[in-house]
Amino acid sequence: VTPIPREQTLDNSLALLKEGYQFIPNRCQSYGADIFETRLLGEKVICMSGEEAAELFYDKEKFTRKGAAPKRIQKTLFGENAIQGMDGKAHEHRKQLFMKLMTEERLQRLSEITTEEWRRKFPAWQKAEKVVLFQEAKEVLCRAACRWAGVPLEESEVKERADDFWDMVDAFGAVGPRHWQGRKARKRGEAWIKKVIHQVRDGELKADKNTALFAMAFHRDLNGEHLDSEMASIELINVLRPLVAITNFIAFSVLALHEHPQYRNQLQEADDDFFEMFSQEVRRYYPFGPFLGARVRRGFIWNDIKFEKGRLVLLDIYGTNHDPRLWKEPDKFYPERFGDWNGGLFDLIPQGGGEYYKNHRCPGEWATLRVMKASLDFLTKEITYQVPDQVLSYSMVRMPSVPESGMVLNEIQKFEEAK
Ligand code: HEM
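As a starting point, this report considers the structure included with it.

### Looking at the overall build of the protein
Scanning the protein for helices and strands turns up 16 helices and ten strands. Counting only C-alpha atoms and orienting by the principal axes, one finds that the protein spans roughly 70 × 55 × 40 Å. Considering only residue pairs separated by 6 or more positions, the protein has 72% of its internal contacts joining residues 24 or more positions apart. Surface accessibility of the protein: about 18,700 Å² in total, with carbon and sulfur atoms responsible for 50%. Side chains of the protein carry 62 positive and 64 negative charges; the gap between the two charge centres is 6 Å.

In structure tokens form, the structure reads like this:
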């Protein structure tokens, strides 16, 4: 057995907070290895990066998700005891619940609803001196997500609900106030959605059969029982929250368009293929999810390295998406690279890797691409805008990273009128 590069520090939690998305890539680089051992939050952790590591990470014989996500993440981002921490047959059964929402027809509907909700925003934008795209997108996507999922949403509550969904996501790398904000948001969100689940089950609210609301309210687990209303609400939020979180990819898309204006012109003339390539590059290039965690199910040896039972293992998302062995000039924003991408299961992993039905790979990946493409279509083909002076940076340390200014836009006009 080969010794794995091992950090000699007592605990590296602080370095993780200081280095953010670069924590794993920095160390892989200095060790000249794609795997090393460190200590985080008082326990030994193996960190690994790259395609081969991703393939290993998704081997269900070797890894379990049980006990992998800290409680603080479950109390903000995921919800407690939900799909993210399940294994085996129970996980596969729960996963189907999400996958069956992703039919072509339903995805098409999501795309249409997204476009309609952007269009509804336009009249107010035209009159506004400026808009903060991040805030606008959150509300657009919150309306779209609730409509698509069949969840009633009053106009007066849109902002608070949208902010709550984002705050659950925003808490993931946070200590202190941002973490507590995320907990508050989750409590409020779960109480709201739980009530809606009760209303549907009691027949007070009618849910269309095709919606996520119906699916979660009436899903039966392997034991033949409905989910309790708490779990049904958590799993419904597992659809709504990430749909709202696509906001971040949209804000980064607008940043990319600003920094590479040639793509704006290209998209104005483009068909679906180029929209897809552009969206894939946004998901690859910009930092969002930093890494994933799992625990060793049974001890094993891989590439001469010993993985002990129970060990926490982190897979580097950001570093894999920027791995020079996989991506030519990884730090260049270059959508054309997806022209001949082979669709590998373990190289482009902004939303996890492996197979949808058997692994934990994000079931919302197609939905994410549809929402991004519909949003980009609106932002490039239906309107024009200016990007006034503002701070156009984003942090590589704050997790999740967001464009710091929220992307302020002004002089918004209809595309045809501007021509
Ligand atoms: C899982 C990212 C959008 C629902 C995941 C995972 C990541 C991720 C990294 C974990 C993969 C793993 O554990 O191996 C994202 C990002 C999104 C997004 C960055 C865009 C903002 C969506 C959407 C939905 C969704 C739109 C639903 C409509 C889920 C669910 C899981 C998941 C239910 C858990 C799957 C499982 O444990 O089997 N996502 N996601 N996500 N995502 Fe997404």
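Moving on from the model shown.
### Notes on the site of the ligand
By nearness alone, 26 residues border the ligand, and Tyr 58, Arg 65, His 91, His 360 and Cys 362 come closest of all. One of the side-chain nitrogen or oxygen atoms of Arg 65 is found 2.7 Å away from an oxygen atom of the ligand. Between an oxygen atom of the ligand and a side-chain N or O atom of His 91, the distance comes to 2.7 Å. Looking at the shell around the ligand, the elements that each hand over two or more residues are helix 5 (88-99) and helix 11 (229-259). The element contributing the most residues to the shell around the ligand is helix 11, with seven residues. In terms of residue class, the shell around the ligand is made up of 15 nonpolar, nine polar and two charged.

### Examining the side chain of Arg 361
Checked against the element boundaries, Arg 361 lands in the loop between helix 14 (317-321) and helix 15 (365-382). The exposure class of Arg 361 is buried, given its relative accessible area of 4%. At 3.0 Å, the side chain of Arg 361 forms a polar contact with the backbone oxygen of Gly 354. For Arg 361, the residues in contact, after removing those within four places along its chain, are Tyr 58, Lys 95, Leu 345, Leu 348, Gln 351, Gly 352, Gly 353, Gly 354, Glu 355 and Tyr 356.

### Thoughts on the environment of Gln 29
Along the chain, the position of Gln 29 falls in helix 2 (residues 23-31). Residue classification places Gln 29 among the exposed residues on the basis of a relative accessible area of 66%. For the pair Gln 29 and Gly 203, spaced 174 residues apart in sequence, the C-alpha separation works out to 58 Å.

### Description of the state of the cysteines
Here, the word disulfide means a covalent bond between the sulfur atoms of two cysteines. For the coordinates displayed, the defined rule picks out zero disulfides. Free cysteine Cys 28: the closest other cysteine sulfur is in Cys 47, separated by 7.6 Å. For Cys 47, a relative accessible area of 0% puts it in the buried group.

### Overview of the coordination of the iron atom of the ligand
Within the protein, just one atom coordinates the iron atom of the ligand: Cys 362 (SG), at a distance of 2.3 Å. Checked against the element boundaries, Cys 362 lands in the loop between helix 14 and helix 15.

### Examining empty space enclosed by the protein
Throughout the structure, instances matching the rule amount to one cavity of 30 Å³ or more. Lining the largest cavity, in full, are Phe 249, Arg 283, Arg 284, Tyr 286, Phe 288, Gly 289, Ile 317, Tyr 318, Asn 321 and Pro 350. Elements with a contribution of two residues or more to the lining of the largest cavity: helix 13 (272-285) and helix 14. Counting residues per element, the lining of the largest cavity draws most heavily on helix 14, at three residues. Of the residues contributing to the lining of the largest cavity, the split by class is six nonpolar, two polar and two charged.

### Regarding the layout of surface pockets
Considering only enclosed or pocket space, the second largest pocket measures out at about 380 Å³ in volume. Contributing to the lining of the second largest pocket are 17 residues, with Pro 25, Gly 319, His 322, Asp 323 and Pro 324 lying nearest its centre. Contributions of two or more residues to the lining of the second largest pocket are made by helix 2 and helix 14. The element that contributes the greatest number of residues to the lining of the second largest pocket is helix 2, accounting for four residues. Of the residues belonging to the lining of the second largest pocket, the class tally is six nonpolar, six polar and five charged.

### Focus on the sheet that holds strand 2 (residues 43-49)
Reading across the sheet, the five strands line up as 1-2-8-5-3 and stay open at both edges, with mixed pairing between neighbours. Because the sheet does not close on itself, it has two edges, and the strands there are strand 1 (35-40) and strand 3 (63-64). When strand 1 meets strand 2, the two strands line up antiparallel, connected through six bridges. Within the sheet, the bridge partner assigned to Thr 38 lies in strand 2 and is Val 45. Along the sheet, helix 2 makes contact with strand 1, strand 2, strand 5 (291-296) and strand 8 (312-316), crossing strand 1 at roughly 130°.

### Let's talk about the sheet that holds strand 10 (residues 408-414)
Within the open sheet, the three strands sit side by side as 4-10-9. Their pairing is antiparallel. Each edge of the open sheet carries a strand with a single partner, namely strand 4 (130-132) and strand 9 (383-386). Neighbouring strand axes in the sheet, compared pairwise and without regard to direction, differ in orientation by 50° on average. As paired strands, strand 4 and strand 10 are joined by three bridges and run antiparallel to one another.

### Comments concerning the packing of helix 7 (residues 133-149) against helix 8 (residues 158-170)
Closest axis-to-axis distance for the helix 7/helix 8 pair is 9 Å, and the angle between their directions is 100°. The orientation of helix 7 with respect to helix 8, classified from their angle, is roughly perpendicular. Here Phe 134, Gln 135, Lys 138, Glu 139, Cys 142 and Arg 143 of helix 7 come into contact with helix 8, specifically with Val 158, Lys 159, Arg 161, Ala 162, Asp 163, Phe 165 and Trp 166. For the contact of helix 7 with helix 8, the residue count by class is six nonpolar, one polar and six charged.

### Description of the nonpolar core
Of all hydrophobic cores here, the largest spans 108 residues; its most connected members are Trp 125, Leu 133, Val 151, Leu 236, Leu 240, Leu 243 and Phe 278. Looking at this core, the element that brings in the most residues is helix 11, giving 19 residues. Discounting chain neighbours no more than four positions away, the residues touching Trp 125 are Trp 118, Val 131, Leu 133, Glu 136, Phe 378, Leu 379, Ile 383 and Ile 412. In this structure, Ile 35, Phe 57, Ala 294 and Val 313 belong to the second largest nonpolar core, which totals 20 residues.

Scoring rules and cut-offs
- Residues numbered from 1 in each chain as written.
- Predicted model: local features only at pLDDT ≥ 70, side-chain atom pairs only at ≥ 80, totals over all residues.
- Heavy atoms only, no water.
- Helix = DSSP H or I, 4+ residues; strand = E, 2+ residues; numbered from the N terminus.
- Contact = heavy atoms within 4.5 Å.
- Areas by Shrake-Rupley, 256 points an atom, 1.4 Å probe, with all protein chains shown as cover.
- Lys, Arg positive; Asp, Glu negative; His and termini not counted.
- Charge placed at Lys NZ, Arg CZ, Asp CG, Glu CD.
- Near = heavy atom within 4 Å.
- Polar contact = N/O pair within 3.5 Å; in protein donor to acceptor, adjacent residues only side chain to side chain.
- Nonpolar A, V, L, I, M, F, W, Y, C, P; charged D, E, K, R; others polar.
- Buried < 20%, exposed > 50% of the residue type's maximum accessible area, 1.4 Å probe, protein only.
- Disulfide = S-S within 2.5 Å.
- Donors = N, O, S within 2.8 Å, 3.2 Å for Na, K, Ca; no water.
- 1 Å grid on protein atoms, 1.4 Å probe; cavity = no way out; pocket = protein on both sides within 12 Å on 5 of 7 lines; lining within 4 Å.
- Points joined across faces, edges and corners; volume = space filled by probe spheres on them.
- Pairing = 2+ DSSP bridges.
- Axes fitted to C-alpha atoms, helices over the stretch in contact; angles between N-to-C directions.
- Parallel < 35°, antiparallel > 145°, perpendicular 65-115°, else oblique.
- Core = buried A, V, L, I, M, F, W, Y, C linked by side-chain atoms within 4.5 Å.

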